[in-house]
Amino acid sequence: MNLPNIPTDNLYKFLAIAGLVILISSNALYIIFGGRIMNTAQEWLRIGAVNTFEKQIITADINTSKRKIAELEKSLQAANPSEKQILSEQVQAEKNILKSGNAKLEDISKNFVSMNNSINTDWFKTEVAYVKWTLILGNIIGTVATITGFYLWYTKLQKYQDKMIKQKAAKG
């Protein structure tokens, strides 16, 4: 596969093409790194949503256990001696479920805090700033170089070459 040669015969053409390359490259970097940043942010949000959902489910289970314990304790007070043993065991079972739910909730909260602490917000801010400034500077430098290169190429070189071609055509 033959690639076209970069025009090195003229500094102005080279400047214009280099400006286009800078312009295209800075926008490509924006797309690549911007996508990476978005994927990371979406992963953090997904993990946070999963933790929030788990906390809601466990909290609902804890609230259900609390209601059952309250109902069983009311029943326990009005129960005859033979039922008291069974109701006491049920209350104890619900208290164990409640204790387990509280432990799970505490673990999820600790893991969530740990995850939030491990999220490198400095990395995130640095990446966003890097992408932003790469895009801004690349677009400014690329645009200025492209416009300057094409302008100088046309005004200092191409205009005169066109006149020479017209004169040769008129003579010939």
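Now for a look at the structure at hand. Residue positions are given per chain, counted from 1 along the sequence in the order it is written. In keeping with the model being predicted, local features are shown solely for residues with a pLDDT of at least 70 and side-chain atom pairs are shown and tallied solely at 80 or more, while totals for entire chains, interfaces and linings include all residues. The side-chain figures draw on all heavy atoms in the structure; neither hydrogens nor water molecules are used.

Re a nonpolar patch on the surface
Turning to step 1, where the next piece is worked out: Taken together, the side chains of I22, W133, I136, L137, I140, I141 and V144 make up a nonpolar region of the molecular surface, amounting to roughly 620 Å² of accessible area.
Turning to step 2, where the next piece is worked out: Numbering of helices and strands starts at the N terminus; helices are DSSP runs of H or I of at least 4 residues and strands are runs of E of at least 2. Tallying contributions element by element places helix α3 (residues 121-171) first for the nonpolar patch, with six residues.
Turning to step 3, where the next piece is worked out: Along the chain, W133 falls in helix α3.
Turning to step 4, where the next piece is worked out: Partly exposed residues are those whose accessible area sits between 20% and 50% of the maximum for their type, while under 20% is buried and over 50% is exposed, using a 1.4 Å probe and protein chains only. A relative accessible area of 44% means that W133 is categorised as partly exposed. Residues enter patches when they are more than 30% accessible in relative terms and free of salt bridges; like-charged ones are connected within 9 Å and nonpolar ones (Val, Leu, Ile, Met, Phe, Trp, Tyr) within 5 Å. The Shrake-Rupley method, run with a 1.4 Å probe, gives the accessible areas here. Residue values count only the displayed protein chains as cover. Any carboxyl oxygen of Asp or Glu that lies within 4 Å of a side-chain nitrogen of Lys or Arg is treated as forming a salt bridge with it.

Overview of the nonpolar core
Turning to step 1, where the next piece is worked out: I58, I62, I69, L98 and I108 together form the largest nonpolar core, which totals five residues.
Turning to step 2, where the next piece is worked out: Breaking this core down by element, the ones donating at least two residues are α1 (11-78) and α2 (81-118).
Turning to step 3, where the next piece is worked out: Broken down by element, the residue count for this core peaks at three residues, all from α1.
Turning to step 4, where the next piece is worked out: Contacts of L98, omitting those with residues within four sequence positions, involve I62, S65, K66 and I69. Take the buried residues of types Ala, Val, Leu, Ile, Met, Phe, Trp, Tyr and Cys, join any two whose side-chain atoms come within 4.5 Å, and each joined set is a nonpolar core. Throughout, a contact is declared for two residues whenever any of their heavy atoms are within 4.5 Å.

As for the side chain of S65
Turning to step 1, where the next piece is worked out: By secondary structure assignment, the location of S65 is in helix α1.
Turning to step 2, where the next piece is worked out: Dropping the residues within four chain positions of it, S65 is found in contact with E94, I97 and L98.

Concerning α3
Turning to step 1, where the next piece is worked out: Over its 51 residues, α3 runs 72 Å from end to end, which matches the ideal 75 Å to within 8%, given 1.5 Å per residue.
Turning to step 2, where the next piece is worked out: Bend, at a single residue, is the angle you get between axes fitted to the 7 residues ending at that residue and the 7 residues starting at it. Along α3, the sharpest kink reaches roughly 40 degrees, centred on Y154.
Turning to step 3, where the next piece is worked out: Buried-residue contacts for α3 involve α1. A helix's residues, less one, multiplied by 1.5 Å, set its expected span.

Quick notes on the environment of K159
Turning to step 1, where the next piece is worked out: Position of K159 relative to the elements: it lies in helix α3.
Turning to step 2, where the next piece is worked out: Note: C-alpha distance between K159 and Y30 (129 residues apart in sequence) is 37 Å.

Brief notes about the packing of aromatic side chains
Turning to step 1, where the next piece is worked out: To pair, rings of Phe, Tyr and Trp, with the six-membered ring standing in for Trp, must have centres within 6.5 Å; the planes then decide the type, stacked if under 30 degrees apart, edge-to-face if over 60, and tilted in the middle. Summed over all chains, the structure comprises two aromatic pairs.
Turning to step 2, where the next piece is worked out: On the basis of an interplanar angle of 85 degrees and a centroid distance of 5.6 Å, the ring pair of F33 and Y130 is categorised as edge-to-face. Of the two residues, F33 sits in helix α1 while Y130 sits in helix α3, which places them 97 residues apart along the sequence.
Turning to step 3, where the next piece is worked out: For Y130, a relative accessible area of 41% puts it in the partly exposed group.

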